[in-house]
Each structure stands twice: as structure tokens, then as C-alpha cells.
Amino acid sequence: GADGGAVTQLYTAGRDGTVRAWNTSSLAKRGASADTCDERWEGHSSWVNDVCGLRTGSGNFLLSASSDSSVKVWSIDSPIDADDPNAHRCVASLTRHGDYVMKLASSDQSGTKFASAGLGETDNLFLWDAERATAVTDFSRDPTYLPEESTLVTDMDGQKESAYALAMDVGGNVLVSGCTGNVIRVWDARTGSRTAKLKGHNGNVRCATLSSDGRLCLTGSSDHTLRLWDLGQQRCVQTISGLHGCSVWSAAMDASWHVCYSGGADGRVYATDLAHKRTVLLFEEDKGVLSLTPDDGGNEGSGLWASTMGSSINRWSADVDWRDEEHVYTPGAASRGAHGHRTSGSYKDSPMSVSPKLTPGRASARMSNAWGKVQGSAHVDPIHKQPSATIKSTPPIVEHKQTSDRLHVLAKDTDGAISLWDVVKCERVKRWDAGGDDLFAEVLKDVNPRVSVPSWFTVDTRTGSIAVSLMPSGAFQAEAYALDMGVDGANDELKCNYGVQTIHMLLRGWKARRLRAMACEAGRELSSDDDDDSHLDFDVNALTPCGDAKVWRLPSRPPSLVCEQRDGEGAALMPVGEMAGSVEEHQALPEWIVEVISEKYRVPDSPKTSFHLAPHDTQPDAPKLSQGRVTAPRVLGIRKVAVYVANRLALRGEPEDLVDIICAGSVCDPSSSLATVKEFLWKKGSDVELVYRFKDGVDYGGDGGDGVATA
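Residues numbered from 1 in each chain as written. Predicted model: local features only at pLDDT ≥ 70, side-chain atom pairs only at ≥ 80, totals over all residues. Heavy atoms only, no water.

Side note on the overall build of the chain
In step 1: Looking only at helices and strands, the chain features 8 helices and 46 strands.
In step 2: The burial tally for the chain puts 50% of its 711 residues in the buried class.
In step 3: For the chain, the proportion of contacts with a sequence separation of at least 24, taken over those separated by at least 6, is 53%.
In step 4: Accessible surface, the chain as shown: approximately 33700 Å² in total, 45% of it carbon and sulfur. (Helix = DSSP H or I, 4+ residues; strand = E, 2+ residues; numbered from the N terminus. Buried < 20%, exposed > 50% of the residue type's maximum accessible area, 1.4 Å probe, protein only. Contact = heavy atoms within 4.5 Å. Areas by Shrake-Rupley, 256 points an atom, 1.4 Å probe, with all protein chains shown as cover.)

Put into C-alpha cells, the structure is as follows:
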């Protein structure tokens, strides 16, 4: 948002799927930084690639484009009731795209149309009716998923390649799209018809911006060049090469359309005076620059907000002293010094000579429109070394590993810091500051317990945060004895499944609210009990394998659920703490999840491991308790094996004081499981061979006989 040209409200989005609003007035002081946003919205299930403002007769909205193939419309008007949770929310989700949605464009004045562009050979460019897309006014209802009607959306026929660049003029009359086919297409934004196809770039067109009247267009490409187009003449009037030594990812113009700002994959941002053919390295980011937003800045002077592949967003000064010969130069000029600076000569030394009075786009057709040879400017120093303001964000996770107990994830972020996360509690347990290259492996070795638990979930960190996925094929692989999980009143035989208990933990409250909603829908009298019935007494030992043993409680900061839809069309994102028990939520949840919540799912039998049990060679007269193969659950504790031996021989005392269970020559820890012994001691794929050895002084009635029956 802007007030007199100065950015007062900044909207950002990124890999975590959220959209955030920042009040930039608090960052007016030079060097200020912020790490807490004013507002935060969740709704996308994947990366958010672009955000765009939209002003219609219905109010002010924000558009967001995501890799989940959707465009979402958010209401951003100031609510009458600041405490109303529905005041700022998603009012529409538009799902016509068949692949990632990469770019958005809207007009500043008309507010009648907006456009979206994305990947794919078809269904990649659409023109939307703004009034219909923002038609939801009753915010007490759920977000409306609008039907795919022709009056709502226009499919832009003729866009045959993935589109990475999109721009619309202020009046909403002209739309341009840039694609992987190295061309720029010009469209009539009022009708959706194509009016021109411009060729000239030798690489993917990555960015585009339009003048307010829709006459001039600036584009940047992976061919390292910028091109200025006169759309009326349908031709390129300037080509800027020799500036970027990499793909040009972002471009913006100042209000006069005399100075161009461009950012590349190498993080360098240049300011270029188009009329005078001179440029300066304005500043340099650590990561590739994805977008540039001009900010007149008021008393702070002109500036640029730069978003990058990194986790922070910086505001840099855009002030340039064009008389500064130390930094200002002509790209590719023969008179440049050893460090890339212009040392002598005039602007006429460049391949194109243009009068300083010539305005952009009015160069004579007889003049060469190319200036600057492809030499790059690797040694040019930026004129601004530090940003004037910074919006800080959590560094994204780039490396992770599950711990062997399958309850924690160790993660490393882009800053090199390492954190241990509790998967069930959804919270960080411990953090280590950045260290050497071997720190992650060293920490993993320290925190990894010596246990063997099958993996029951998968982890994905492509969004920069930890996403835990449960699938019916693997979610029920891990279990533990209820007593070991701290379940009060459980007997020593009751086992609890990790996946089952996690699903109950996440949706226990939703289940209660859903039952109450169903009772209301059926006209039955409502119960006065709280939504969460975890306080009620129940016999935990009478539970079925799919029952809720109430092992875990919902975290104070509940996560969000991302559920793939049954029809294969996208995914639904539902913040657990905001789920109301509606029929729409019920339909969005996978069927197998609903069956688990209803305690009707048939949980697979416990994974088994086979072993043999025999007396130790040093005690040949010890009774033989088993003459064959024994199959037991993987979680069977070694202590239970010792109890079995002691009970069969009617020995009195604690099993640990009577007998040792040995595998591969090592005494087994009584607290370890059969699976742990097999992985860390036996280390073979065959049946585990266990031997029991009675401790000194234990009268085991050894006579070498076979008086004890086989187990």
C-alpha cells in the first residue's frame, strides 16, 4: 500500500505458504528491523510465488498465487470490529490453473480485471472478473469456492508456454506476458484477445513492467539483457546488455520512467538512466533478487524493497548522484578502467549515441537500439553497502533427519543453526548455534537414541519449514507399550499406535465439535459438555487398537492440516485450532482419517520379529524353555523375555536380578525392545538368537533335563 508514493504497508509471502502484512512506518528509522508482522494469513498448501493488490467497488483485496495451483483472494479492509476473526480472511479460492501459479497483475484504477499466469503448456494464463471473484460479502460464512463460469474467468488462448512474467497498465487496458518461448505477448485486458507478439530475447522472459499508459514495456530475460519496447510501434527501442552477467529476475521503473532498476540471479541490483545510457551498481544482496518494489519514502528519500531467495526483505536507498564518476559508468564502454569504472570519454563512446534530452522510447528508428557489450561488471562496487531497513524472517530449513525414536526431527537452517523438534508437540526442544560443517552430524550422533522404531511418517522441508506427512500405508507401523508412554491405568500388555494416537490428538476437539454440530443439524438436544471430553473417565484397557488412549494433548500452538482432496483437485489447508466441526471440513478430511477418529479403522496387526531362545553355553544344565522359533511384536521388551524365563522356572525376585538375556555375546539392556536388539546387536536379517544366563547364586534347578515344556 502507498500514501503519496511512500510504501506504508508491505505484503510478503514465501515458501511457508503464508501471507504477511508489515507496517513499514515503524521501519522509517535508518537501520531499523522488524521480525514480527502485523497480520498473518494461512490458506495455501505450498509456496506462495506472488502477491498483488486489488481495489474494486467492494473494497480492498490482496491476491496470492501459489504452487498449489490456486489464486486466493483476501479481504484486507480495516474491520469495523477489530476482534472479528473473519474481518481479514480468504473470500475466494480460484483453481483454474493446472500447475504452479507464478505471477499476478492488476490495474490500480479500474479494478475490473486481474490476471494470473503460471506453468504448463495449457491453462497457464487467465483473466479474472474482479467483482465476481470478490463477491463474497458475508464473512460469517466459509470462504466461497467460486464456480468456473465464463463470466468469472477468461482463458487466454494463444499462451502456449509457461509464463514467468506478467504486467498490467494502470487503466486495466493492456496486459503483457513473458514466457519460456522467449517472446512477449500483448493482450487487450478488456476482452482477453491478443494484439501483438514481440520477439527479441534469446532466453526465458523472467520479468516485465508496464508504463501507466500502457505504451512502454520493460522486460528482463535469462539472456542477461533488458529490453524496452514501444507497444504502439510493436518493436524494441532499446536493448541493455553488458550490465548483468546472469539471468535478470526482476525489474522496476521510477515514477518518471527515466530510471530502470533491475535485479539478477547473482543478487546485484543496478540503476540505469535509460536516456543517458549510464548505470550504477546500486546495492548487492546475498541471494538472487526475485522482485523490486519502489518506495518514494518521504523524508527518507527514494528506496527499493528487495525480496530475494533468502529469508529477509531489505529496503535500500535508491538515491544516485549521477555525477559520481567513481561509480557511474556506461556498460561495455571502451574507456572503462580496470575495475569496471568509466575513466574518461563521453557517453558517445557507447555503441548508441543518444541526446540526454531524448525521452525513453523516442529514439530514432535509424539509430542502433543496442548499447553495452556483454562484458559484465564483476568488479564494480555498489554505492550502498547496507540496507536502510530490514524485515527479518525465520531462516528456512535446508537439511533434516528423523531421530531413531521417530518422535523428533533434527533440522538445519540456512544460517547454519540446528534445532531439535518434537514432532508430536510441534515445538522446538533445543537449539544449537551455527558451527562447522560437521556440526549437524555431531549433534545427530548425540541426540539419536539407541532404539529401533519403524518410520511412521515422512518429513518434507521444501517449504522451508517442517511438514509431517501421514499415509495409511505407513502411519500405523510404530507402536509402544502404553505404560512406556505414560498412560495411567494401563496394563503391561496394552500397546498404543503412534499414528492412531497422533490423529486423535490433532482432531479430538474437532470430533467433539462435529458431533455437536451433527446433533444440532438433526434437531437433537445439545450436550452441555465441553468440546474436549478428555476429562471423562474411561477404561483404557478396554480400548480397541483404533481407540483414543489420550496419550498426547493438542499443542498450545496447533499446526495446520493439509489434506489432498479426493477428486485429485488440489489440497485443503485447515488450521487445527480454527476447525469448527463443519460438514465442509468433514468432507475435506481423508476418509481413512475420519475412520480413525471414529475408531472404526482396522489398524494393521503389530509388526513382528522372530527369535530363538536357548540357555547359555556356560550353563549346559539349565532347562530348555523353547525348542523352536518364537514370533513376537517388534516392541517386545527384553525385560518381558526375562520375566518369561523367571516365571517358567517359578523364580522369585526381580527378573533383572535373576537372569541376563544375551545376544551376539552382549548383555541386552532390559529396557530395549526386540527390534532394537536385532538392529544394534544381532545386525543380521535372520531370526534373532537370544540366550539366557542365570546370575550367580540363582537356583534355577539345573539338572540338564528337559522338564520344562517348550514355549
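Text resumes after the structure shown.
Considerations on the pairing of strand β10 (residues 90-94)
In step 1: Counting buried positions along β10 yields 5 of 5 residues, so the element is predominantly enclosed.
In step 2: In the sheet, strand β9 (residues 71-75) pairs with β10 via 4 bridges, with the strands oriented antiparallel. Bridge pairing in β10 places W74 opposite C90. (Pairing = 2+ DSSP bridges.)

So, the confidence of the model for the chain
In step 1: With 83% of its residues at a pLDDT of at least 70, the chain reaches an overall mean of 83.
In step 2: Looking at the elements of the chain, mean pLDDT is at its lowest for strand β1 (residues 2-3), recorded as 40, and at its highest for strand β34 (residues 418-422), recorded as 97.
In step 3: pLDDT under 50 marks residues 371-378. Its contacts with residues more than four places away, or in other chains, come to 33 contacts. (pLDDT = per-residue confidence, 0-100.)

A short note on the layout of surface pockets
In step 1: Taken as a whole, the second largest pocket holds about 810 Å³ of empty space.
In step 2: Lining the second largest pocket are 35 residues; nearest its centre among them are A480, Y481, D484, V635 and S671.
In step 3: At the level of elements, β38 (479-481), α6 (638-648) and α8 (674-682) are the ones that each hand at least two residues to the lining of the second largest pocket.
In step 4: Split into classes, the residues belonging to the lining of the second largest pocket amount to 19 nonpolar, 7 polar and 9 charged. (1 Å grid on protein atoms, 1.4 Å probe; cavity = no way out; pocket = protein on both sides within 12 Å on 5 of 7 lines; lining within 4 Å. Points joined across faces, edges and corners; volume = space filled by probe spheres on them. Nonpolar A, V, L, I, M, F, W, Y, C, P; charged D, E, K, R; others polar.)

Here's the deal with a positive patch on the surface
In step 1: Judged by side-chain charge, K160, R194, K197 and K199 come together as a positively charged surface patch.
In step 2: Here R194 lies in strand β18 (residues 194-199).
In step 3: According to the relative accessible area criterion, R194 is partly exposed, its value standing at 43%. (Patch = residues over 30% accessible without salt bridge, like charges linked within 9 Å, V, L, I, M, F, W, Y side chains within 5 Å. Salt bridge = Lys/Arg side-chain N within 4 Å of Asp/Glu carboxyl O. Lys, Arg positive; Asp, Glu negative; His and termini not counted. Charge placed at Lys NZ, Arg CZ, Asp CG, Glu CD.)

Focus on the nonpolar core
In step 1: By size, the foremost hydrophobic cluster in this structure holds 45 residues, and its most contacted members are Y498, L507 and L589.
In step 2: For this core, the elements supplying multiple residues, two or more each, are α3 (498-521), β40 (560-564), β41 (571-575) and α5 (591-597).
In step 3: With 29 residues, the next largest nonpolar core counts A632, A646, C668 and Y700 among its residues. (Core = buried A, V, L, I, M, F, W, Y, C linked by side-chain atoms within 4.5 Å.)

Thoughts on the sheet that holds strand β8 (residues 59-66)
In step 1: Taken together, the 4 strands give an open sheet; going across it, the order is β7-β8-β9-β10, and neighbouring strands pair in antiparallel fashion. Here the strands that pair on one side only, and so sit at the sheet edges, are β7 (48-56) and β10. Each strand of the sheet is rotated relative to its neighbour by a mean of 20 degrees, with strand direction disregarded. (Axes fitted to C-alpha atoms, helices over the stretch in contact; angles between N-to-C directions.)

Topic: the side chain of T225
In step 1: Residue position: T225 is located in the loop between β20 (216-221) and β21 (226-230).
In step 2: For T225, a relative accessible area of 10% corresponds to the buried category.
In step 3: Beyond its immediate stretch of four places on either side in the chain, T225 contacts H201, T219, G220, T239, I240, S241 and V248.

What about the sheet that holds strand β25 (residues 268-273)?
Through backbone hydrogen bonds, the strands of a sheet pair up, either in parallel or in antiparallel fashion.
In step 1: If you trace the 4 strands from one edge of the open sheet to the other, you get β23-β24-β25-β26, paired in antiparallel fashion. In the strand order of this sheet, the two ends are held by β23 (248-253) and β26 (278-284), each with one partner. Here the average twist between neighbouring strands, direction ignored, is 20 degrees.
In step 2: Bridging between strand β24 (residues 259-264) and β25 involves 5 bridges; their strand directions are antiparallel. Across the sheet, residue Y261 finds its bridge partner in β25, namely A271.

Considerations on the pattern of salt bridges
In step 1: Under the counting rule described, the total for this entry stands at 21 salt bridges.
In step 2: Linking R278 and D273 is a salt bridge whose minimum nitrogen-to-oxygen distance equals 3.0 Å. Taken individually, R278 and D273 each receive the classification buried, so the pair is uniform in this respect.
In step 3: Salt bridges linked by common partners bring D213, R215 and D230 together as one network.

Re α6
In an α-helix there are 3.6 residues to a turn, and that puts residues three or four apart on one side.
In step 1: If you check which residues of α6 are buried, you get I638, V641, A642, V645 and A646. Looking straight down α6, one finds that the buried residues subtend no more than 135 degrees of arc, so they occupy a single side.
In step 2: Where α6 is buried, its residues touch β42 (608-615), α7 (655-658), β44 (659-663), α8 and β46 (688-694).
In step 3: Residue A650 follows α6 closely and has a positive phi angle near 55 degrees. (Arc of directions from axis to C-beta.)

Digging into unusual backbone geometry
Apart from glycine, the bulk of residues carry a negative phi angle, and the bulk of peptide bonds sit in the trans form.
In step 1: Unusually for a residue other than glycine, S69 sits at a positive phi of about 75 degrees.
In step 2: With respect to the element layout, S69 can be found in the loop between β8 and β9.
In step 3: Residue class for S69 comes out buried when judged on its relative accessible area of 18%.
In step 4: One non-glycine residue with positive phi stands out, namely K277, at about 55 degrees.
In step 5: For K277, the position within the fold is in the loop between β25 and β26.
In step 6: The class for K277 is buried, based on a relative accessible area of 2%.

Considering the packing of aromatic side chains
In step 1: Counted by the stated rule, this structure contains 13 aromatic pairs.
In step 2: Ring centres of Y692 and F694 lie 5.8 Å apart, and the angle between their planes is 75 degrees; this geometry places the pair in the edge-to-face category.
In step 3: A relative accessible area of 0% means that Y692 is categorised as buried.
In step 4: Among the aromatic side chains, those forming a connected cluster through ring pairs are W456, F457, Y498 and W552.
In step 5: One Lys or Arg, R206, reaches over the ring of Y164 and ends 4.9 Å from the middle of that ring.
In step 6: K640 extends its terminal NZ or CZ atom over the ring of Y481, reaching a point 4.9 Å from the ring centre. (Phe/Tyr/Trp six-rings, centres within 6.5 Å; stacked < 30°, edge-to-face > 60°. Lys NZ or Arg CZ within 6 Å of the ring centre and 35° of its normal.)

So, the environment of I397
In step 1: Relative to the helices and strands, I397 is located in strand β32 (residues 397-402).
In step 2: With 16 residues separating them in the primary sequence, I397 and D413 have C-alpha atoms 4.0 Å apart.
In step 3: Here I397 is in contact with R15, A411, K412, D413, T461, G464, S465 and I466, once residues within four sequence places are set aside.

A short note on the environment of S473
In step 1: Checked against the element boundaries, S473 lands in the loop between β37 (467-469) and β38.
In step 2: When its relative accessible area of 65% is taken as the criterion, S473 is described as exposed.
In step 3: Between the C-alpha atom of S473 and that of W456, which follows or precedes it by 17 residues, the distance is 8.9 Å.

Side note on a negative patch on the surface
In step 1: Residues D437, D438, E442 and D446 make up a contiguous surface patch of negative charge.
In step 2: Relative to the assigned elements, D437 resides in the loop between β35 (427-432) and α2 (439-447).

Some remarks on the pairing of strand β3 (residues 9-13)
In step 1: Here β3 shows a clear split, with L10 and T12 buried on one side and none of Q9, Y11 and A13 buried on the other.
In step 2: Judged from the 5 bridges that link them, β3 and strand β4 (residues 18-23) form a sheet pairing that is antiparallel. Bridged to Q9 within β4 is N23.
In step 3: In this antiparallel pair of consecutive strands, β3 and β4, the connection spans 4 residues, and G17 shows a positive phi of 80 degrees.

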